[in-house]
Amino acid sequence: MQQYKVGIIGGTGMVGQRFITLMENHPWFQLTAIAASARSAGKPYEEAVEGRWALDIPMPEEAKKIMVLDAQADAEKLASMVDFCFCAVDMKKDEIRALEEKYAKLECPIVSNNSAHRWTDDVPMVVPEINAEHLEVIEAQRKRLGTKRGFIAVKSNCSLQSYVPALHPLLKYGLESALVCTYQAISGAGKTFQRWPEMVDNCIPYIGGEEEKSEQEPLKLWGHVENGKIIKAEGPAITAQCFRVACQDGHMAAVFMKFKDGCQPSIEQIKADWAAFRGPAQELELPSAPKQFLHYFEEENRPQTRLDRNLEHGMAVSLGRLREDSQYDYKFVGLSHNTLRGAAGGAVLLAELLCKKGYIEAK
């Protein structure tokens, strides 16, 4: 593959830091520019994040001396330096939408971790194993924006990765509804225990906007492209409760499934479908793709957050405890790494797919 020059907008936050680490030794992507707010601009990256490095792995040497640009004021300069940008900014949604469209209109493709454009109907929201075909809507988006290279593609909410991939191969059996309770790590809020001591020995039964995303975003993933827009699926119906729990990384989901009467598969069939599930990410052998997307644990006490969140470099989904339920048909537990598969890693995998499919080209 060609080498691509990459910029990271919002590089000083926790997800931005994760993007920085994922560029280290990436076979296709070369970290070329970092942008953040005006208060960080003009400083070497190492200085801009001094005292705020939030990951348990060291800062890559290649990033330390890169001078941070102003994401707003230096947009033209940044767009001219790179082949595409990842975006993970902490701003109001209308400001994010404007910023991402600004870069797209500067002919700089944007692969976004932000939620601002997830419901723009010509912006693909893609999990590469699930709905890669939605990328075809980019052509319509480019017509709207008046661009040749520029566009915006987004990844879905981080907590979806712990249950939607497991539900996806079961849709063919007539999955009718699902009840989901997610138990989400504090890094999903961009925090560490040092910055958020109130979370030690605690559980908060509310995450703003999270339940709506958990119920509605899967329907866009399962939708279809029609007349240059993504039309969301009508079902299955999902109801969700979302909790913030005292884990640093890793989102867990307790999932209950109901199928149309007489259509439910056997437990053995579900496990077989999970084991066989592959998508374009595996078929194209994308660098960040897990070899085995869904891993099922037979042990009754797995998956566990500390043991299993880093499976396949944090890009696989761990499943367990599949069994019959007295109210629904079946229930199971899922786990995904929220800043890897759920955030930065999922966006890197999406960028790899975009490059492989020719939507992003090296200048």
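Residues numbered from 1 in each chain as written. Predicted model: local features only at pLDDT ≥ 70, side-chain atom pairs only at ≥ 80, totals over all residues. Heavy atoms only, no water.

A. Structural context of unusual backbone geometry. Cis rather than trans, the peptide bond between Gly235 and Pro236 has omega equal to 5°. Relative to the helices and strands, Pro236 resides in the loop between strand S10 (229–231) and strand S11 (237–245). With an omega dihedral of 5°, the bond running from Arg302 to Pro303 counts as a cis peptide bond. Tracing the sequence through the fold places Pro303 in the loop between strand S13 (294–297) and helix H12 (305–308). The backbone phi angle of Glu107 is positive, close to 65°, even though this residue is not glycine. Overall, Glu107 belongs to the partly exposed group, its relative accessible area being 25%. (Helix = DSSP H or I, 4+ residues; strand = E, 2+ residues; numbered from the N terminus. Buried < 20%, exposed > 50% of the residue type's maximum accessible area, 1.4 Å probe, protein only.)

B. Broad picture of the sheet that holds strand S1 (residues 4–9). Across the sheet, 6 strands lie side by side as S3-S2-S1-S4-S5-S6; this open sheet has parallel pairing. If you trace the sheet from one side to the other, it starts and ends with strand S3 (69–70) and strand S6 (152–154), each paired once. Pairing geometry for strand S5 (residues 110–112) and S6, over 3 bridges, is parallel. Residue Ile110 lies in a different strand from S6, and its bridge partner there is Ile152. The strands touched by helix H1 (residues 14–23) are S1, strand S2 (29–36) and strand S4 (84–87); relative to S1, the strand with the most contacts, the crossing angle is about 160°. Across the face of the sheet, helix H5 (residues 93–105) comes into contact with S1, S4, S5 and S6 while running at roughly 155° to S5. (Pairing = 2+ DSSP bridges. Contact = heavy atoms within 4.5 Å. Axes fitted to C-alpha atoms, helices over the stretch in contact; angles between N-to-C directions.)

C. Highlighting the pattern of salt bridges. Using the criterion set out here, one finds 11 salt bridges in the structure. Close ionic contact of Glu101 with Arg144 constitutes a salt bridge, the shortest N to O distance being 3.2 Å. Taken together, the residues span a long stretch of sequence, with Glu101 in helix H5 and Arg144 in helix H7 (residues 138–145) at a distance of 43 residues. Arg144 sits in the partly exposed class, given a relative accessible area of 42%. The salt bridge partner of Asp121 is Lys229, with a shortest N-O separation of 4.0 Å. Of this pair, Asp121 sits in the loop between S5 and helix H6 (128–131) while Lys229 sits in strand S10, and the two are 108 residues apart along the sequence. According to the relative accessible area criterion, Lys229 is partly exposed, its value standing at 41%. Via salt bridges that share partners, Glu101, Asp122 and Arg144 belong to a single interconnected network. (Salt bridge = Lys/Arg side-chain N within 4 Å of Asp/Glu carboxyl O.)

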